[in-house]
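# Chain and residue survey
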Amino acid sequence: YKSRFEQLEKLGFEWELVNRDRIWDDMFERLIKYKNEHGNCDVPRDYENDRRLGQWVHTQRRLWKAIQRGKTKSTPKYKSRFEQ
């Protein structure tokens, strides 16, 4: 079975239907566009032009606060993104 898995991976098969890295990167790019347009990253939680971005920014801030208080663990990969 290992060779079958390797064939799928060479084809670019994604094992997880939701690719969290790709979603995070997409939202980050949307935040960059917002900042270029508005001069800040203060996306309202209910931002009419992109509600998903507003929710994502809110979630990132909430996660950062929880990490700072030691109330949640973050993978080193995601934690390093907050520290950049």
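Heads up: the structure comes first, above all this text.
This one's a predicted model, so the numbers in the text were calculated from it and none came from an experiment. (Residues numbered from 1 in each chain as written. Predicted model: local features only at pLDDT ≥ 70, side-chain atom pairs only at ≥ 80, totals over all residues. Heavy atoms only, no water.)

This part is about the packing of helix α2 (residues 20-38) against helix α3 (residues 51-68). With their axes 10 Å apart at the nearest point, α2 and α3 run at an angle of 105° to one another. By the angle class used here, α2 and α3 are roughly perpendicular. Touching Ile 23, Trp 24, Met 27, Phe 28, Arg 30, Leu 31 and Tyr 34 of α2 are Arg 52, Leu 53, Trp 56, Val 57 and Gln 60, all from α3. Residue classes in the contact of α2 with α3 are distributed as nine nonpolar, one polar and two charged. (Axes fitted to C-alpha atoms, helices over the stretch in contact; angles between N-to-C directions. Helix = DSSP H or I, 4+ residues; strand = E, 2+ residues; numbered from the N terminus. Parallel < 35°, antiparallel > 145°, perpendicular 65-115°, else oblique. Contact = heavy atoms within 4.5 Å. Nonpolar A, V, L, I, M, F, W, Y, C, P; charged D, E, K, R; others polar.)

Glancing now at a nonpolar patch on the surface. On the surface, Tyr 1, Phe 5, Phe 13 and Trp 15 cluster together into a nonpolar patch covering about 520 Å² of accessible area. The topology assignment puts Phe 5 in helix α1 (residues 2-11). (Patch = residues over 30% accessible without salt bridge, like charges linked within 9 Å, V, L, I, M, F, W, Y side chains within 5 Å. Areas by Shrake-Rupley, 256 points an atom, 1.4 Å probe, with all protein chains shown as cover. Salt bridge = Lys/Arg side-chain N within 4 Å of Asp/Glu carboxyl O.)

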